[in-house]
Amino acid sequence: AQSVTQPDIHITVSEGASLELRCNYSYGATPYLFWYVQSPGQGLQLLLKYFSGDTLVQGIKGFEAEFKRSQSSFNLRKPSVHWSDAAEYFCAVVTQGGSEKLVFGKGTKLTVNP
Amino acid sequence: GAVVSQHPSWVICKSGTSVKIECRSLDFQATTMFWYRQFPKQSLMLMATSNEGSKATYEQGVEKDKFLINHASLTLSTLTVTSAHPEDSSFYICSASAGFQETQYFGPGTRLLVL
C-alpha cells in the first residue's frame with residue numbers, strides 16, 4: 001500500500017528565511033501529489049499539485065514543489081517565509097489508476113519566529 | 001472557485017443525541033464527497049467516500065450505522081452522527097471532487113463536542 005512520510009514533525013524558521021518541507025512517498029508508479037496547508041481550527045487549503053509534466057510546480061502564496069522520481073520525493077519550498085505561513089502542512093498522494101483516496105502524511109507544523 | 005462549505009462550524013450536543021453536519025460544494029458539482037475525522041495534532045483519517053445517488057463506502061473500522069452519510073445531490077452531502085457519545089467528539093472535515101481522481105477541495109471543518 002502506498003504511504004507518505006513527512007520526516008519533520010515540527011520546523012521553526014525566522015521570518016524572511018527560506019523554507020523546505022520534506023515529503024517522501026512509497027508507491028511503485030508515479031502518483032498524483034498534493035500539498036495542503038491547515039491553519040489552526042480550519043480545513044485544508046490546496047497549495048499546489050502535481051499530476052504530470054514539468055516537475056517543478058508553482059502554487060499559491062509563493063510556494064513551489066519539485067517532484068523527484070529518483071528520490072520519490074515532493075518537497076515544498078518557499079524562498080522567504082512570512083509570519084502568516086505558520087500552520088500545519090500536509091503532503092498527500094493519490095495513486096494513478098487506483099482509488100480516489102488521498103493518503104496523507106502526518107503533517108509538519110511550521111512555526112515562524114519574528 | 002472550488003469552494004466547499006460546512007455547517008455548522010461548531011456544535012455541542014448531549015450524549016445520546018444525533019447531530020447532522022452538512023457539506024456543500026458552492027461553485028461546482030461534486031460527484032464524490034469524502035468525510036474525514038481529525039484528532040488533535042494528528043493527520044486526517046478518511047471515514048467514508050460517497051458518490052451522488054449511491055451508498056457511501058466506509059473505511060475499515062468505521063461504523064456505518066453510527067455515521068450515516070447521505071449524498072442526495074451533486075452539491076450536498078450530510079454526515080449524521082447518531083447517538084453521539086463523548087468519544088465521538090472530534091473535528092470532522094469534508095472534501096469534494098468534481099470527478100474521478102480530480103483534486104479534492106476541503107471544507108472548513110466542523111468541531112463536535114459531545115457532553
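This text goes with the structure placed above it.
Keep in mind it's a predicted model, so treat the numbers as computed, not measured.

J.: Give a description of the sheet that holds strand E8 (residues 76-81) of chain B that names residues and reports values.
T.: All names here are of chain B. Read across the sheet, 4 strands follow the order E1-E3-E8-E7 without closing on themselves; strand pairing throughout is antiparallel. A strand with exactly one partner marks an edge of an open sheet, and here the two such strands are strand E1 (4-7) and strand E7 (67-73). Neighbour to neighbour, the strand axes of the sheet diverge by 15° on average, direction disregarded. Examined bridge by bridge, E1 and strand E3 (residues 19-25) share 4 bridges and lie antiparallel to one another. The residue bridging Ser 5 from the neighbouring strand is Arg 24, located in E3.

J.: With reference to specific residues and values, describe the interface of chain A and chain B.
T.: On the side of chain B, 23 residues touch chain A, which itself brings 24 residues to the contact. Interface of chain A and chain B: buried area, both sides summed, is about 1,700 Å²; carbon and sulfur atoms make up 52% of it. Looking at the side of chain A facing chain B, the largest losses of area belong to Leu 44, Glu 100 and Lys 101 of chain A, adding up to 33% of the total buried there. Summed over the shared surface of chain A and chain B, the result is 1 salt bridge. Secondary-structure elements contributing two or more residues to the side of chain A that touches chain B are strand E5 (32-38), strand E6 (44-50) and strand E10 (87-94) of chain A. If you tally residues by element for the side of chain A that touches chain B, the top one is E5 of chain A, at 4 residues. Its residues assigned to classes, the side of chain A that touches chain B comprises 10 nonpolar, 10 polar and 4 charged.

Rules of the game
- Residues numbered from 1 in each chain as written.
- Chains lettered and ligands numbered in written order.
- Predicted model: local features only at pLDDT ≥ 70, side-chain atom pairs only at ≥ 80, totals over all residues.
- Heavy atoms only, no water.
- Pairing = 2+ DSSP bridges.
- Helix = DSSP H or I, 4+ residues; strand = E, 2+ residues; numbered from the N terminus.
- Axes fitted to C-alpha atoms, helices over the stretch in contact; angles between N-to-C directions.
- Contact = heavy atoms within 4.5 Å.
- Buried area = accessible area lost by both parts, 1.4 Å probe.
- Salt bridge = Lys/Arg side-chain N within 4 Å of Asp/Glu carboxyl O.
- Nonpolar A, V, L, I, M, F, W, Y, C, P; charged D, E, K, R; others polar.

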